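# Descriptive analysis of the structure
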Amino acid sequence: MQQPLVTAAPDVIAERQRWLDQLTEERRLSPKTADAYERDLRQFLSFLTTHLGGPPRLADLADLRPLDLRAFMAERRRDGAGARTLGRGLAGIRSFLRHLERKGLANAAGASATRAPRQPKSLPKPLSARDARRVVDADLQLSNEPWIAARTAAVLTLLYGCGLRISEALSLTVNDLPRDGETLRITGKGGKTRIVPLLPVARQAIADYRRLCPYSPGPDAPMFRGARGGPLQPAIVQKEMRRLRSALDLPETATPHALRHSFATHLLAGGGDLRTIQELLGHASLSTTQVYTGVDASRLIDIYDRAHPRA
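Structural notes, computed from the coordinates. What you see is a predicted model, and the numbers here were worked out from it, not measured in a lab.

Right, let's talk about the overall build of the protein chain for a bit. Counting secondary structure elements, the protein chain contains 15 helices and two strands. Of all 311 residues assigned to the protein chain, the portion counted as buried reaches 43%. In the protein chain, the share of contacts with a sequence separation of at least 24, taken over all contacts with a separation of at least 6, comes to 63%. A total of about 17,300 Å² of accessible surface is found on the protein chain, and carbon and sulfur atoms cover 52% of it.

What follows is about the nonpolar core. Residues Val135, Leu158, Leu164, Leu184 and Phe224 are the most contacted members of the largest nonpolar core, which totals 47 residues. The greatest single-element share of this core, amounting to 10 residues, is contributed by helix α8 (residues 146–162). For Leu164, the contacting residues outside a window of four places in its chain are Leu158, Leu159, Ala169, Leu172, Leu184, Ile186, Arg194, Val196 and Arg260.

With that out of the way, let us pick up the packing of aromatic side chains. Aromatic rings considered in pairs are described by the distance between their centres and by the relative angle of their planes. For the coordinates displayed, the defined rule picks out seven aromatic pairs. With 5.7 Å between their ring centres and 80° between their planes, Trp147 and Tyr215 make a pair best called edge-to-face. With Trp147 in helix α8 and Tyr215 in the loop between α10 (200–212) and α11 (234–248), the pair connects residues that are 68 residues apart, well separated along the chain. Judged by relative accessible area, which is 7%, Trp147 ranks as buried. Taking 5.0 Å as the distance between ring centres and 35° as the angle between the ring planes, the aromatic pair formed by Tyr209 and Phe224 counts as tilted. Here Phe224 lies in the loop between α10 and α11 and Tyr209 lies in helix α10, a separation of 15 residues in the sequence. Accessibility expressed as a relative area gives 1% for Tyr209, which makes it buried. Taken together, the aromatic side chains of Trp19, Tyr37 and Phe96 make up a single cluster linked through ring pairs.

Its location among the elements puts Gln278 in helix α13 (residues 274–281). For Gln278, a relative accessible area of 7% puts it in the buried group. Contacts of Gln278, omitting those with residues within four sequence positions, involve His283, Ala284, Ser285, Leu286 and Thr289.

What counts, and at which threshold
- Residues numbered from 1 in each chain as written.
- Predicted model: local features only at pLDDT ≥ 70, side-chain atom pairs only at ≥ 80, totals over all residues.
- Heavy atoms only, no water.
- Helix = DSSP H or I, 4+ residues; strand = E, 2+ residues; numbered from the N terminus.
- Buried < 20%, exposed > 50% of the residue type's maximum accessible area, 1.4 Å probe, protein only.
- Contact = heavy atoms within 4.5 Å.
- Areas by Shrake-Rupley, 256 points an atom, 1.4 Å probe, with all protein chains shown as cover.
- Core = buried A, V, L, I, M, F, W, Y, C linked by side-chain atoms within 4.5 Å.
- Phe/Tyr/Trp six-rings, centres within 6.5 Å; stacked < 30°, edge-to-face > 60°.

No statement about biological role is implied by the geometric values presented.
Right under this line is the structure:
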């Protein structure tokens with residue numbers, strides 16, 4: 001399909017083409033990103049044609065102010081563009097203006113000073129309780145090595161059964177294993193230590209892995225090992241999760257981190273309170289836990305009404 005004509009003066013159209021060539025040939029942007037940048041700049045030039053009363057020239061672009069860019073984003077927002085679309089559009093415009101600035105044709109300071117809209121926090125969707133149990137209980141030989149299959153099962157069980165970050169699970173050492181058989185010591189972000197309950201299914205998964213693992217790391221070395229004996233890398237766990245996802249016909253959103261999100265979501269749905277979930281997840285702020293579990297104001301008010309002595 002033929003692209004709409006660009007509404008701009010010939011000098012701008014010429015520089016626009018040089019910029020597009022640079023994006024694809026020198027910076028090697030992906031075709032989709034380059035297309036998005038081209039479309040965003042075309043929309044901006046069309047806006048300026050109306051905003052300035054005629055096709056913009058290089059001299060007009062040199063005189064752009066943050067107010068002009070904010071007016072463009074306000075119009076795009078009225079047309080239904082979201083924060084991500086607006087942020088990407090501003091990035092494309094900045095790229096073009098920096099191209100002009102390097103050639104002494106414009107000043108990109110105004111675009112750089114314009115703040116992009118705040119992006120919504122993005123979290124993986126939780127698995128259903130049924131799908132999470134299928135991941136933990138899966139008895140599938142996705143590897144020719146039984147010990148590797150046991151290793152994958154142990155790691156994924158810890159992510160869902162204890163709400164661990166993947167980095168926390170992979171940094172566990174023999175010294176971190178429970179002395180009482182019921183709790184696990186976790187060192188999280190910022191070196192903060194917390195204690196989480198260790199379910200029997202997780203204890204059994206760890207025991208099965210250690211029994212089959214051909215490597216014996218020292219007490220302070222990471223317990224989970226790669227195929228060649230080195231520390232297990234997150235990319236390997238993510239790859240194993242993709243294979244498991246395919247075998248169990250799970251949605252694309254079923255990732256290792258989604259298991260941690262599922263842990264929190266299912267605890268909350270089962271009546272767990274936010275403060276306890278915060279401790280289990282190792283969040284420094286309760287607001288982080290609120291976002292993480294998708295809690296809305298009505299849920300917080302309900303907790304307050306049931307828990308506060310003066311409610």
